Amino acid sequence: MTEYRKKLYTNYFTNQAGRGFVKDQKKKFDEEEYYFTKEILKFMPENRSAKILDIGCGTGSFLSACKNYGYNNIEGIDVSEEMVKIANEFGISEAKCGDLNEFLAGKNGCYDVITGMDIIEHFTKDELMNLLETIKRSLKPYGIAVFRTPNVDAAFGTLYANGDFTHENYLNKNSATQLMLAMGFKDLEVLPSYIEVKGFLKELLRKYLWSFYVKRYKMELFASGRSSSNILFTPNMIIIAKNNS
């Protein structure tokens, strides 16, 4: 591990992921679990015994969402001891601390699903390609990989892309598709992420402003001679790729 990663990942929750929730870690955990339930679980297989690995599992909020929906064959791995310690304190014993490549060594064709929430942007391009190769090899035939990652086409995309010093690469729908196809994932989708703000009136206003924003963005693209047909506008995007080999 590089020196900067050692320094930043040691206390990643305190210094970044949960910086505004250090005194109320459970609030952050519950909030993440809520959004993962809304956003990601619909892509999980119907079989509740499916073998699922969450890479970069953090405090285990996605694993918790899976457990609440009856998935009973789950694992999580994260390099941050602090994040895994919090996960274990919240009862997510499936979260383990360790090196991802070492963890997946020799586990060919082992998993039905491998997920990565806000993790693939933390790897250099070469590292990410090597990781995707390992993930593809670790999936069962027709297993799926599901990732959430920042979308640089979104308005103020740098808030998400550059808002974390440990981010190493930036994707939009086109480059994500290019990457996954190059790595041998033929059956794939790149979808907008889920957006919601708490409070009925706030959410109503957000939806109105969102529709205005999207129309304005499309007009700007049209004026510049470009098409909006292959562009996502949400801050994050969801990549779903099937291992057809």
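Student: With reference to specific residues and values, describe the pattern of salt bridges.
Tutor: What the rule picks out here adds up to 12 salt bridges. Note that K85 is salt-bridged to E89, the shortest N-O span being 2.6 Å. A residue pair is termed a helical-turn pair when its members lie 3 or 4 positions apart in one helix, as K85 and E89 do in helix α5 (residues 81-89) at 4 residues. Salt bridges sharing common partners tie together E39, D118 and R148.

Student: I'd like a rundown of unusual backbone geometry, residues and numbers included.
Tutor: We note that D118 has phi near 60°; this positive angle belongs to a residue other than glycine. Of note, F156 is a non-glycine position whose phi angle comes to about 55°, a positive value. Relative to the assigned elements, F156 resides in the loop between β5 (139-150) and α8 (158-161).

Student: Can you break down the environment of L128 residue by residue, with the values?
Tutor: Its place among the elements puts L128 in helix α7 (residues 125-138). A sequence separation of 110 residues divides L128 from I238, and the C-alpha atoms of the two residues are 16 Å apart. Beyond its immediate stretch of four places on either side in the chain, L128 contacts I120, F123, N169 and L179.

Student: Tell me about the sheet that holds strand β2 (residues 74-78), and name the residues and values.
Tutor: Pairing in this open sheet of 7 strands is mixed, and the strands run β3-β2-β1-β4-β5-β7-β6 from one edge to the other. Each of the sheet's edge strands pairs with one partner strand only, and the pair in question is β3 (95-97) and β6 (187-192). Along the sheet, successive strands turn relative to each other by an average axial angle of 15°, direction set aside. Across 6 bridges, β6 lies against strand β7 (residues 236-242) in antiparallel orientation. From the neighbouring strand, L191 faces β7, where its bridge partner is I238. On the sheet, helix α4 (residues 61-68) packs against β1 (52-55), β2, β3 and β4 (111-117) and is oriented at approximately 175° with respect to β2. Packed on one face of the sheet, helix α9 (residues 173-182) meets β5, β6 and β7 and runs near 160° to β6.

What counts and what doesn't
Residues numbered from 1 in each chain as written. Predicted model: local features only at pLDDT ≥ 70, side-chain atom pairs only at ≥ 80, totals over all residues. Heavy atoms only, no water. Salt bridge = Lys/Arg side-chain N within 4 Å of Asp/Glu carboxyl O. Helix = DSSP H or I, 4+ residues; strand = E, 2+ residues; numbered from the N terminus. Contact = heavy atoms within 4.5 Å. Pairing = 2+ DSSP bridges. Axes fitted to C-alpha atoms, helices over the stretch in contact; angles between N-to-C directions.

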